[in-house]
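An overview of the molecular structure
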Amino acid sequence: NPIDRCRVIEFDMDDGPFAGQTGSIEEATLDGFLRVGDDILVISYEVGDGDTAFAFYDYQRGGTMIWLLALFVVAVLLLGRWRGVGAIGGLAFSLLVIVMFTLPAILDGTNALVVALVTASAIAFAALFLAHGIGLATAVALVSTFASLAITAVLAWTFVGATNLTGLSDETSVMLGGLAAGIDARGILLAGIVIGALGVLDDVTVTQVSAVWELKRVQPELTTAELVRPALRIGRDHISSTVNTLFLAYAGAALPLLLFFTEAGQSVRGVVTRELVATEIVRALVGSIGLVSAVPISTWLAAVVVSEPTPATSPAVTD
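Residues numbered from 1 in each chain as written. Predicted model: local features only at pLDDT ≥ 70, side-chain atom pairs only at ≥ 80, totals over all residues. Heavy atoms only, no water.

Some thoughts on the overall build of the protein chain
Each helix and strand counted, the protein chain has nine helices and four strands in total. Along the chain direction, N to C, the helices and strands of the protein chain fall in the order β-β-β-β-α-α-α-α-α-α-α-α-α. Buried positions account for 35% of the 319 residues belonging to the protein chain. Taken as a whole, the protein chain presents about 18,800 Å² of accessible surface, with 65% of it coming from carbon and sulfur. (Helix = DSSP H or I, 4+ residues; strand = E, 2+ residues; numbered from the N terminus. Buried < 20%, exposed > 50% of the residue type's maximum accessible area, 1.4 Å probe, protein only. Areas by Shrake-Rupley, 256 points an atom, 1.4 Å probe, with all protein chains shown as cover.)

Following this line, the structure appears as structure tokens:
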């Protein structure tokens, strides 16, 4: 009996137009997942007789996420101290730029790739100086980040076009195109690649510049070439782990999709060339190439600057 396979769940409403009232929803017991005490969101709608009915919309996760955010802030501040304060400030600025500038600009129909480059540049400028202080070493890391970001943007534009990626690989992109006329889905994909690459690029450039600065501090007699060689060895070790981390992050995000296609019996070639998977592969490869380019760029630029006749005395970009 279908009725036997459903249960009625009653709930109290503490917000919205029905605050203080009770309501109920039906849930199939075969795939039931709601438990007593869960905080949920519901939507209301009118039924034929004029009564109001409710349906499950989503879990209420706000409180738990606030606690997680607080734990994150405490962990960063305990370890990073004043550097941690700068890092949190940079993160807050990044979110502000994206919410107040990036999203409105793209929705207004501005070229998404240009918006992404402006966004990434502003975020890199603020995040690096807030987290690592004002100094020549930080400026070198910033210039290196800009150069690597430009390479990433060119590669993204080239290979997104060459592989005929449309940017309409999921339901969200399709719905966005229907809700907001003039939105360039491919441009949004390019913007996502550029902004996503920034978080890893500044880590690499900061590390390389710091390594060069420390080598020069320990051995002031080293020439530019002598500084570059050991710093590049450090960069190779960093890149080998970072690239793997980048690919694992994308693979983890696409894991349900990969499992779906595999279960459907598609070949490996058929799976990797589907737009949903190909988008992640192009994103990972382009980001990795930009990441690799950041090592020689930042290493060489830092070595040249620190080897000037009057050696740079500004502090390195890390403690």
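Quick word on unusual backbone geometry
Notably, Asn164 is not glycine yet its phi reads approximately 55°, a positive angle. Relative to the elements of secondary structure, Asn164 occurs in the loop between α3 (136-162) and α4 (171-179). Of the residues examined, Asn164 reaches a relative accessible area of 55% and is grouped as exposed.

A look at a negative patch on the surface
A contiguous patch of negative charge, built from Glu10, Asp12, Asp14, Asp15 and Asp39, is present on the exposed surface. By secondary structure assignment, the location of Asp14 is in the loop between β1 (6-12) and β2 (22-28). The class for Asp14 is exposed, based on a relative accessible area of 73%. (Patch = residues over 30% accessible without salt bridge, like charges linked within 9 Å, V, L, I, M, F, W, Y side chains within 5 Å. Salt bridge = Lys/Arg side-chain N within 4 Å of Asp/Glu carboxyl O. Lys, Arg positive; Asp, Glu negative; His and termini not counted. Charge placed at Lys NZ, Arg CZ, Asp CG, Glu CD.)

Section: the packing of aromatic side chains
If you walk through the whole model with that rule in mind, you get four aromatic pairs. Relative to Phe129, the ring of Phe125 has its centre 5.0 Å away and its plane inclined at 65°; by these criteria the two rings are edge-to-face. In this pair, Phe125 and Phe129 both sit in helix α2 (residues 112-132), four residues apart, roughly one turn of the helix. (Phe/Tyr/Trp six-rings, centres within 6.5 Å; stacked < 30°, edge-to-face > 60°.)

Observations concerning the nonpolar core
Soluble, globular proteins show a tendency: their nonpolar side chains are buried together. Among the nonpolar cores identified, the biggest contains 53 residues, and Val160, Val194, Val209, Val212, Trp213 and Leu227 are the most heavily contacted of them. Breaking this core down by element, the ones donating at least two residues are α1 (62-107), α2, α3, α5 (185-218), α6 (224-253) and α9 (275-306). Among the elements that take part in this core, α5 stands out by supplying 14 residues, more than any other. When sequence neighbours within four positions are dropped, the list of residues in contact with Val212 reads Leu227, Ala231, Thr299, Ala302, Ala303 and Val306. In this structure, Ile9, Phe11, Met13 and Ile25 belong to the second largest nonpolar core, which totals six residues. (Core = buried A, V, L, I, M, F, W, Y, C linked by side-chain atoms within 4.5 Å. Contact = heavy atoms within 4.5 Å.)

Focus on the packing of α3 against α5
The axes of two packed helices give the description: the angle between them and the distance between them. At their nearest, the axes of α3 and α5 sit 7 Å apart, and the two run at 145° to each other. The handedness of the crossing between α3 and α5 is right-handed. Its residues assigned to classes, the contact of α3 with α5 shows 19 nonpolar, six polar and two charged. (Axes fitted to C-alpha atoms, helices over the stretch in contact; angles between N-to-C directions. Left-handed = near helix turned anticlockwise from the far one by under 90°. Nonpolar A, V, L, I, M, F, W, Y, C, P; charged D, E, K, R; others polar.)

What to know about α1
Here α1 contains 46 residues, and its C-alpha end-to-end distance of 26 Å is more than 12% below the 68 Å for a straight helix at 1.5 Å per residue. Remark: the principal bend of α1, roughly 135°, maps to Gly80. Within the sequence span of α1, burial applies to Gly84, Gly86, Gly90, Ser94, Val97, Thr102, Ala105 and Ile106. Those residues of α1 that are buried lie in contact with α2 and α5. Residue Gly109 follows α1 closely and has a positive phi angle near 95°. (Expected span 1.5 Å × (residues − 1). Bend = angle between axes of the 7 residues up to and from the residue.)

Details of the pattern of salt bridges
For the structure on display, the rule yields three salt bridges. Put simply, Arg283 and Glu280 hold a salt bridge, and the shortest N to O gap is 3.4 Å. One end of the pair, Arg283, and the other, Glu280, are both in helix α9, three residues apart, so they sit about a helical turn from each other. Classification of Arg283 as buried rests on a relative accessible area of 16%. Take Glu280: its relative accessible area is 22%, and that puts it in the partly exposed class.

A short note on the confidence of the model for the protein chain
Residues at a pLDDT of 70 or more form 82% of the protein chain, whose mean pLDDT is 79. Low pLDDT, under 50, characterises residues 311-316; the predicted model gives this stretch 14 contacts beyond four residues in sequence or across chains. (pLDDT = per-residue confidence, 0-100.)

What about α2?
Given 3.6 residues per turn, any residue in an α-helix points the same way as the ones three and four places further on. For α2, built from 21 residues, the straight-helix expectation of 30 Å at 1.5 Å per residue is met to within 8% by its first-to-last C-alpha distance of 29 Å. Where α2 starts, the residue carrying a side-chain oxygen 3.0 Å from the main-chain nitrogen of Leu113 turns out to be Asn111. Of the residues trailing α2, Gly133 is marked for its positive phi of about 85°. (Polar contact = N/O pair within 3.5 Å; in protein donor to acceptor, adjacent residues only side chain to side chain.)

Observations regarding a nonpolar patch on the surface
Taken together, the side chains of Phe93, Leu96, Val99, Met100, Leu103 and Leu130 make up a nonpolar region of the molecular surface, amounting to roughly 570 Å² of accessible area. It is α1 that provides the largest number of residues to the nonpolar patch, a total of five residues. Here Met100 is to be found in helix α1. The class of Met100 is exposed, set by a relative accessible area of 60%.

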